[in-house]
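Listed below, chain by chain, are the residues.
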Amino acid sequence: MGRWICYICSRVADSLMMLLVLALSCKPSTAAIASPSAPHVKPSYSFGRTFLGLDKCNACIGTSICKKFFKEEIRFDTWLSSHLKLPPSYLLSYSGNYTDDAKSWRMVDITRLTSKYQHDRADKHICTSLLKTKTCSLEHALRRTQRFQKWLRAKRLTPDLVQGLSSPMLRCPSQRLLDRIVRRYAEVPDAGSIYMDHLTDRDKLRLLYTLSVNSHPILLQIFPDVEGWPFPRYLGSCGRLVVSASTRPLRDFFGAAPEVAADLALQLLAVLRSMGTNDLNYFFYFTHVDAGTFGVFSNGHLFIRDASTLGIIDKEEGSQLIDDQQEYKDIFSCLTVDCQSAFVSCNSIGEKHSLVMVCQELLPKLLKGKFLQPVQEKIDSFLQHCADGLADDQGVSGAVAKLAELLKPLRSCDSRFAYRYPDCKYSDKY
């Protein structure tokens, strides 16, 4: 009997102990009764329409890449920081990062067609000139102009519709070039047509505005890199910002090693040669060059980084505007330049035009003091002969050809020049 009593007491004690354990385990802990922490919020850009220039559309470049900005698939160079912040809006260009899959990123350049100050001044000029007010709807003001009314009625982009615009690309226009602009304008669905039927009124204003302010993005679109043209790839526009493949400006290479300088100089001369002679019979010339005009990709390949000062002469059709027609001026002629500035006559441009500028402004900074004598002396002599520009086209071209022959054996073949390595090991071309 005593055994059963002890057994029962033992089972009761076990049960009580189990209940005690369960009670303790169900007691709310200090952490549990504390208020739950706020969910983690992904840091995000606070994009404003003003920063992008969307508040000025349709007096803007386009909207083809806006979704990438707002989905954070395009980020500025601070994209890895814990607090994403937009850079100052007054800068002319920004380094950025671009992705298609949110995993792999590549560098891009994000640029304005002109400085924000110049944009603001031009916007004010539109309002005060056309509507006599300090502020206005830019689109409403520009739509009322005689030029844009002609654009609205036009079925085809013709030379008279672009006469007087400040862009060097349009100073000597041909119908063939203008048809190419319409057919390849990337801010609209591709219709493959030379007629403007597929352009809405909004599209026409954006195209006219872009051509009036800076033709750089248009050149990237109509002469794409995938066809072998020496321009960075055009990725799209949003408001007044343009996104293109990233390059380092040539100024970053003025202190480069001799073999790198020789390679870049040869590429630069090759680009100028291709722009003067190509399968499409367009002659490209520069109205101005500086240390930011050309850029270099990460693989060492040199490209035209800023095409805003490029003029085009159609060697097949010739210019369809005579010089007195070029002097036509209106509000679109004066958005970024002084309305009093004179046009360069199409007939005054020769083959040596760009070569002389490059020999004056860029090649001396790239090649000065890089090589041993007597090679350096010969390089300096050829550069001086080219920079003086006293000889005719053939004389300048001859000096440049001799310079190129002198530079060829001075470049090297290694992985630093990925754009031609390892091909250079097995080809006499290099």
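In this text, all values refer to a predicted model and were calculated from it rather than measured experimentally.

Some thoughts on the sheet that holds strand β3 (residues 106-112)
An order of β1-β2-β3-β5-β4 is seen for the 5 strands of this open sheet, with the pairing classed as antiparallel. In this open sheet, the two edge strands, each paired with only one partner strand, are β1 (74-76) and β4 (234-238). In this sheet, adjacent strand axes meet at a mean angle of 30° when their direction is disregarded. Pairing analysis gives 4 bridges linking β4 to strand β5 (residues 241-245), with the strands arranged antiparallel. Bridging from a neighbouring strand, Ser237 pairs with Val242 of β5.

A short note on the packing of aromatic side chains
The final tally for this structure, using the stated rule, is 11 aromatic pairs. Relative to Phe76, the ring of Phe51 has its centre 5.8 Å away and its plane inclined at 85°; by these criteria the two rings are edge-to-face. Here Phe51, found in helix α3 (residues 49-52), pairs with Phe76, found in strand β1; they are 25 residues apart in sequence, far enough to count as distant. Neither residue differs from the other here; Phe51 and Phe76 are each classed as buried. The rings of Phe51, Phe69, Phe76 and Tyr94 are connected pair by pair, giving a single aromatic cluster. Over the aromatic face of Tyr98 sits the side chain of Lys68, whose NZ or CZ is 4.8 Å from the ring centroid.

Some points on the nonpolar core
Met169, Phe223, Phe294, Leu363 and Leu367 are the most contacted members of the largest nonpolar core, which totals 92 residues. With 11 residues, helix α12 (residues 258-276) is the single largest residue contributor to this core. In contact with Phe223, other than residues within four places in its own chain, are Leu177, Arg180, Trp229, Phe231, Leu280, Tyr282, Phe284 and Ile312. Among the nonpolar cores identified, the runner-up in size contains 16 residues, and Leu52, Phe69, Leu235 and Cys238 belong to it.

Some thoughts on the side chain of Asn97
Note that Asn97 resides in strand β2 (residues 93-98). A distance of 3.5 Å separates a polar atom in the side chain of Asn97 from the backbone oxygen of Phe76.

Considerations on helix α10 (residues 201-213)
The terminal C-alpha atoms of α10, which comprises 13 residues, lie 18 Å apart, in line with the 18 Å expected from a rise of 1.5 Å per residue. For α10, a buried count of 11 out of 13 residues is recorded, marking the element as mostly surrounded by other parts of the structure. In this structure, the buried side of α10 is in contact with α5 (116-131), α6 (138-143), α7 (146-153), α9 (175-184) and α11 (216-222).

A look at the environment of Ile218
Looking at where Ile218 falls in the secondary structure, it is placed in helix α11. Beyond its immediate sequence surroundings of up to four residues, Ile218 is in contact with Met169, Ile181, Tyr185, Leu207, Thr210 and Leu211.

A word on the pairing of β2
Of the pairings in the sheet, the one linking β1 to β2 comprises 3 bridges and is antiparallel in character. Considered in β2, the bridge of Arg75 is made with Asn97. As paired strands, β2 and β3 are joined by 6 bridges and run antiparallel to one another. From the neighbouring strand, Ser95 faces β3, where its bridge partner is Asp109.

Description of the confidence of the model for the protein
Summarising the model, the protein shows a mean pLDDT of 85, and 84% of its residues fall at 70 or more. In this model residues 1-41 is a low-confidence stretch, pLDDT under 50, and it forms 1 contact with partners more than four residues away in sequence or in other chains.

Let's talk about the state of the cysteines
Considering all chains together, one arrives at 5 disulfides under this definition. One disulfide bridge connects Cys359 with Cys386, the sulfur atoms lying 2.1 Å from each other. Looking along the S-S bond of the Cys359-Cys386 disulfide, the torsion reads about 90°, which is the right-handed sense. Of the two residues, Cys359 is situated in helix α14 (residues 352-361) and Cys386 in helix α16 (residues 375-388); the sequence distance between them amounts to 27 residues. A relative accessible area of 1% means that Cys386 is categorised as buried. Across a sulfur-sulfur distance of 1.9 Å, Cys413 and Cys424 are joined as a disulfide pair. Disulfide Cys413 to Cys424: torsion about the S-S bond roughly 80°, handedness right-handed. With a gap of 11 residues between them, Cys413 in the segment after α17 (393-407) and Cys424 in the segment after α17 connect regions that are remote in the sequence. A relative accessible area of 32% means that Cys413 is categorised as partly exposed. We classify Cys424 as buried; its relative accessible area is 9%.

Criteria and cut-off values
Residues numbered from 1 in each chain as written. Predicted model: local features only at pLDDT ≥ 70, side-chain atom pairs only at ≥ 80, totals over all residues. Heavy atoms only, no water. Pairing = 2+ DSSP bridges. Helix = DSSP H or I, 4+ residues; strand = E, 2+ residues; numbered from the N terminus. Axes fitted to C-alpha atoms, helices over the stretch in contact; angles between N-to-C directions. Phe/Tyr/Trp six-rings, centres within 6.5 Å; stacked < 30°, edge-to-face > 60°. Buried < 20%, exposed > 50% of the residue type's maximum accessible area, 1.4 Å probe, protein only. Lys NZ or Arg CZ within 6 Å of the ring centre and 35° of its normal. Core = buried A, V, L, I, M, F, W, Y, C linked by side-chain atoms within 4.5 Å. Contact = heavy atoms within 4.5 Å. Polar contact = N/O pair within 3.5 Å; in protein donor to acceptor, adjacent residues only side chain to side chain. Expected span 1.5 Å × (residues − 1). pLDDT = per-residue confidence, 0-100. Disulfide = S-S within 2.5 Å.

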